[in-house]
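So the chains spell out like this:
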Amino acid sequence: MAKVLFSVVVGIFLLSVVKSQDPTVKIKQTDPDTKAHRVIVAERDRDVTMDCYVENLLDNALVRWQRQYVDQMTGKTETQPVAQDMALLDNIHFSIEKPTQYTWRLRIRGTQVTDEGNYTCFVQLTQITQATDFRILQVVIKPYLDPQQTSPDTTVDEGDNFDLVCNASGRPAPSIFWSRLGGALLPIGQEIYEGVILKLRNIRAQDRGTYRCKYMNSVDEKTIDIVLGVRFPPYITVPRPVVTQAVGYRVEMQCFVEANPMPREEDTAWLHETTTYTMTSDRYQVNRIEGAFDRLTYELVITDVESADYGGYSCRLKNDMSASPSIAKITLQSTNVPQPSIKLNRVIKGNENPETSSSVTAYSAIVLSLVSFLLAVCFTW
């Protein structure tokens, strides 16, 4: 009985010794790093490496790599042998490197979406048992635009319908968001809209501007700006519909205009009773100041007001979008108190040169400052 017990103990000991000498397989390091659930997320076109560390490898045993994947055509799971020790079935796309005696590094060159799958490093122990470790490779792609299906800078007519399109691809599929620069609301009444197509209906002049498409996925985010121009007839705003000035002083009347295209000079005029002013002459200056964003300041300056100048004035403008001229009215009324110039912010007499008087005033201020400085120096001494 004692001999039987001794034999059992020895057998168990020898089995544990043999068991302890079985190969161990562990994927210790990967590039990119392994995430949760043994997943490696790699960008397309970059190399991926997996270091398989094997201990207690028997002389006749081989370290192997294989890939399991789902065939997109059949939906079946397929197994693709990749490497057997240092031997490769595809030595162009794959390579095996030996950074240490116990490490078999699998390198996937220029990873593509078709390389996705479960990569297993294993050593065959028996016909049915293996020592294994694995990683799941997922391939992602930065978002990118399809220029053939994305709107370029565009100009439309007021009242038109138009679709702004921002078509982006990527893996995972990117989300697409529309906004306007400067914080303006989108024509649909929202600050942000999500979708490939932004539908604009019955476009108005105020809808013109820069629209930003942001397309983003878990890999990256990018933007493209699309400028929408709108052709529209002149819209006139009068900051001061009633202007007062005394006889013998300078007065300015202004119309603020938005128009696209910009009215030509021959299509702009000031009217007073039966008189039309289109250019500077005598006491009347016609100024045309073009600004950004389809804006124009149209002025009539009377340098020396006379009694006959009082009454109603109209600024009249048209462009190629006008069915008829756009007109705004201003009334010039008399007063006994001279009013300051709205541009120079001081009263200017009719016989006074604004530029010369400004220079004299500035010169006088300099002289006064210099005298004050000299007096202070004298009192100090």
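Because the structure is a prediction, the values reported are computed rather than measured.

Q: Give a description of the pattern of salt bridges that names residues and reports values.
A: Applying the stated criterion to the full structure yields 25 salt bridges. Between aspartate 45 and arginine 44 there is a salt bridge whose closest N-O contact spans 3.9 Å. Looking at aspartate 45, the relative accessible area reads 52%, which means it is exposed. For arginine 44, a relative accessible area of 33% translates into the label partly exposed. Note that arginine 107 is salt-bridged to glutamate 97, the shortest N-O span being 2.6 Å. Placement of arginine 107 in strand S9 (residues 103-108) and of glutamate 97 in strand S8 (residues 94-97) is noted, with a sequence separation of ten residues between them. Overall, arginine 107 belongs to the partly exposed group, its relative accessible area being 21%. Glutamate 97 sits in the partly exposed class, given a relative accessible area of 23%.

Q: With reference to specific residues and values, describe the packing of aromatic side chains.
A: Aromatic rings in a pair are described by how distant their centres are and how their planes are angled relative to each other. In the structure shown here, the tally under the stated rule is four aromatic pairs. When the centroid spacing of 6.1 Å and the interplanar angle of 65° are considered together, the rings of tyrosine 53 and tyrosine 102 count as edge-to-face. Remark: tyrosine 102 occurs in the loop between S8 and S9 and tyrosine 53 occurs in strand S4 (residues 48-55); sequence separation between them is 49 residues. Ring geometry for phenylalanine 232 versus tyrosine 235: centroids 5.7 Å apart, planes at 25°, classification stacked. Taking NZ or CZ as reference, lysine 98 lies 3.3 Å from the ring centre of tryptophan 104, over its face.

Q: Break down the state of the cysteines for me, with residues and values.
A: Summed over the entire model, instances satisfying the criterion amount to three disulfides. Covalently, cysteine 52 is tied to cysteine 121 through a disulfide, its sulfur atoms 1.9 Å apart. Between cysteine 52 and cysteine 121 the sulfur-sulfur dihedral comes to about -80°; the bridge is accordingly left-handed. Placement of the pair is cysteine 52 in strand S4 and cysteine 121 in strand S10 (residues 117-124), with a sequence separation of 69 residues. The exposure class assigned to cysteine 52 is buried, which follows from its relative accessible area of 0%. On the basis of relative accessibility, which here comes to 0%, the residue cysteine 121 falls in the buried class. Each disulfide of the chain joins two cysteines, and with those cysteines numbered along the sequence the arrangement is 1-2, 3-4, 5-6.

Q: Break down the sheet that holds S9 for me, citing the residues and quoting the values.
A: Reading across the sheet, the four strands line up as S1-S4-S9-S8 and stay open at both edges, with antiparallel pairing between neighbours. The open sheet is flanked by strand S1 (24-31) and S8, the only strands paired with a single partner. The average undirected angle you get between the axes of adjacent strands in this sheet is 20°. As judged from the four bridges shared by S8 and S9, these two strands associate in the antiparallel manner. Following the sheet pairing, glutamate 97 is matched in S9 by arginine 105.

Q: Describe the nonpolar core, and please don't skip the residues or the numbers.
A: Formed by 24 residues in total, the largest nonpolar core has its most connected members in Met50, Trp65, Tyr119 and Leu137. Residue contributions to this core peak at four residues, all from S4. Counting residues in hydrophobic clusters, the runner-up holds 22 residues, among them Trp270, Leu296, Tyr313 and Ile330.

Reading guide: rules and limits
- Position numbers for residues count from 1 along each chain, tracking the sequence in the order it is written.
- With pLDDT at 70 or above as the cut-off, local features in this predicted model cover only qualifying residues; side-chain atom pairs require 80 or more to be listed or tallied, and sums for whole chains, interfaces and linings still use all residues.
- Side-chain calculation: all heavy atoms of the structure are included, whereas hydrogens and water are not.
- Whenever Lys or Arg places a side-chain nitrogen within 4 Å of a carboxyl oxygen from Asp or Glu, that contact is recorded as a salt bridge.
- Working definition: with a 1.4 Å probe on protein chains only, accessible area under 20% of the residue-type maximum means buried, over 50% means exposed, and in between means partly exposed.
- Strands here are runs of E lasting at least two residues and helices are runs of H or I lasting at least four, both read from the DSSP assignment and numbered beginning at the N terminus.
- Pairing of aromatic rings covers Phe, Tyr and Trp, the last through its six-membered ring, and needs centres within 6.5 Å; plane angles under 30 degrees mean stacked, over 60 mean edge-to-face, and all others mean tilted.
- Whether a charge lies above a ring is judged from NZ of Lys or CZ of Arg, which has to be within 6 Å of the ring centre and within 35 degrees of the ring normal.
- In plain terms, two cysteine sulfur atoms within 2.5 Å form what is called a disulfide here.
- Here, any two strands with at least 2 DSSP bridges between them count as paired.
- Every axis corresponds to a line fitted to the C-alpha atoms, with the helix fit spanning only the stretch in contact, and the corresponding angles, defined between N-to-C directions, vary from 0 to 180 degrees.
- Among the buried residues, those of types Ala, Val, Leu, Ile, Met, Phe, Trp, Tyr and Cys that are joined through side-chain atoms within 4.5 Å form a nonpolar core.

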